[in-house]
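Geometric and topological summary
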Amino acid sequence: MTSGTTPGLTRFNTSADSDAVAALHEVCSSSAWGSKVLAQRPYTTAEALFLASDAAMAELTAEDLAEAMAGHPPIGRPKAGDPTSSREQSGMAGASEALKAEMLELNLAYQDKFGHVFLICATGKTGEQMRDAVRERIEHSPEQEREIVRTELGKINRIRLTGLVERAENEEENA
């Protein structure tokens, strides 16, 4: 992961608040998280940005977590036209129809129990690994699951923030 000051991080630090808010919303749809991360600009390193993200995630209320989860499509059904969701869930792309059908059933059962989508940092996971995770996690209490979701969101945010800094860096190189 990027850890030093990069042109992309500089671009994020110096962008207008409205642009930074929009970029942060693409990372995590919790407005509380975005506000906390935005308030600490400028960041001297990408690692400082990641740590601020982690700290903001730790402070989110149940309502803030619900807002963050609302920005994530169910596993196996990425948002149409959303390359980030498709890339993150690529482990389901080659899954068998049987596995996809099982994931749909498990997603619905999970949503019935917890009232929100099953959320996992899907990057690098196979369809089978995601299925096994939902099978295990559906047995949790709502309190246990909320903390697991918080951890998974933190992982997703770090990956997406890395992409944001690298994408901004690449945009500057191509400008």
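Residues numbered from 1 in each chain as written. Predicted model: local features only at pLDDT ≥ 70, side-chain atom pairs only at ≥ 80, totals over all residues. Heavy atoms only, no water.

Turning next to the overall build of the protein chain. Along the backbone of the protein chain there are nine helices and zero strands. The linear arrangement of helices and strands in the protein chain, starting from the amino end, is α-α-α-α-α-α-α-α-α. Burial status across the protein chain gives 46% buried among its 175 residues. Pairs at least 24 residues apart make up 72% of the contacts formed inside the protein chain by residues separated by at least 6 positions. (Helix = DSSP H or I, 4+ residues; strand = E, 2+ residues; numbered from the N terminus. Buried < 20%, exposed > 50% of the residue type's maximum accessible area, 1.4 Å probe, protein only. Contact = heavy atoms within 4.5 Å.)

It is the contact of helix H7 (residues 97-114) with helix H8 (residues 127-137), at a shortest axis distance of 10 Å, that shows an interaxial angle of 30°. One finds that H7 runs roughly parallel with respect to H8. Remark: the crossing between H7 and H8 carries left-handed chirality. Contacts from Leu99, Glu102, Met103, Leu106, Tyr110 and Phe114 of H7 reach H8 at Gly127, Glu128, Met130, Arg131, Val134, Arg135 and Arg137. (Axes fitted to C-alpha atoms, helices over the stretch in contact; angles between N-to-C directions. Parallel < 35°, antiparallel > 145°, perpendicular 65-115°, else oblique. Left-handed = near helix turned anticlockwise from the far one by under 90°.)

This part takes up H7. One turn of the α-helix equals 3.6 residues, which is why residues spaced by three or four share an orientation. The first and last C-alpha atoms of H7 sit 25 Å apart over 18 residues, in line with the 26 Å expected at 1.5 Å per residue. Buried within H7 we find Leu99, Met103, Leu106, Asn107, Tyr110 and Phe114. Down the axis of H7, the buried set is contained in an arc of 110°. They therefore lie on one face. Set apart from the buried face of H7 by more than 90 degrees, the exposed residues are Glu97, Ala98, Glu105 and Asp112. One or two steps after H7, the chain reaches Gly115, where phi turns positive at roughly 80°. (Expected span 1.5 Å × (residues − 1). Arc of directions from axis to C-beta.)

Let us now look at the packing of helix H3 (residues 31-39) against helix H4 (residues 46-58). One way to put it is that H3 packs onto H4 with a least axis distance of 9 Å and a crossing angle of 140°. The orientation of H3 with respect to H4, classified from their angle, is oblique. The chirality of how H3 crosses H4 is right-handed. In this structure, H3 contributes Trp33, Lys36 and Val37 to the contact, and H4 contributes Leu49, Ala52, Ser53, Ala56 and Met57.

We now examine the pattern of salt bridges. According to the stated counting rule, one finds twelve salt bridges in the structure shown. Here Arg131 and Glu102 are joined by a salt bridge, their closest N and O atoms 3.8 Å apart. Placement of the pair is Arg131 in helix H8 and Glu102 in helix H7, with a sequence separation of 29 residues. Residue classification places Arg131 among the buried positions, given a relative accessible area of 16%. The class of Glu102 is partly exposed, set by a relative accessible area of 24%. A salt bridge links Arg131 to Asp132, with the nearest nitrogen and oxygen atoms 3.1 Å apart. The exposure class of Asp132 is partly exposed, given its relative accessible area of 38%. (Salt bridge = Lys/Arg side-chain N within 4 Å of Asp/Glu carboxyl O.)

Another aspect to go through is the nonpolar core. If you look at the biggest cluster of nonpolar residues, it comprises 45 residues, and the most contacted ones within it are Trp33, Leu49, Ile75, Leu153 and Leu161. Those residues in contact with Leu153 that sit more than four places away from it in its chain are Met57, Leu65, Ala68, Met69, His72 and Leu119. (Core = buried A, V, L, I, M, F, W, Y, C linked by side-chain atoms within 4.5 Å.)

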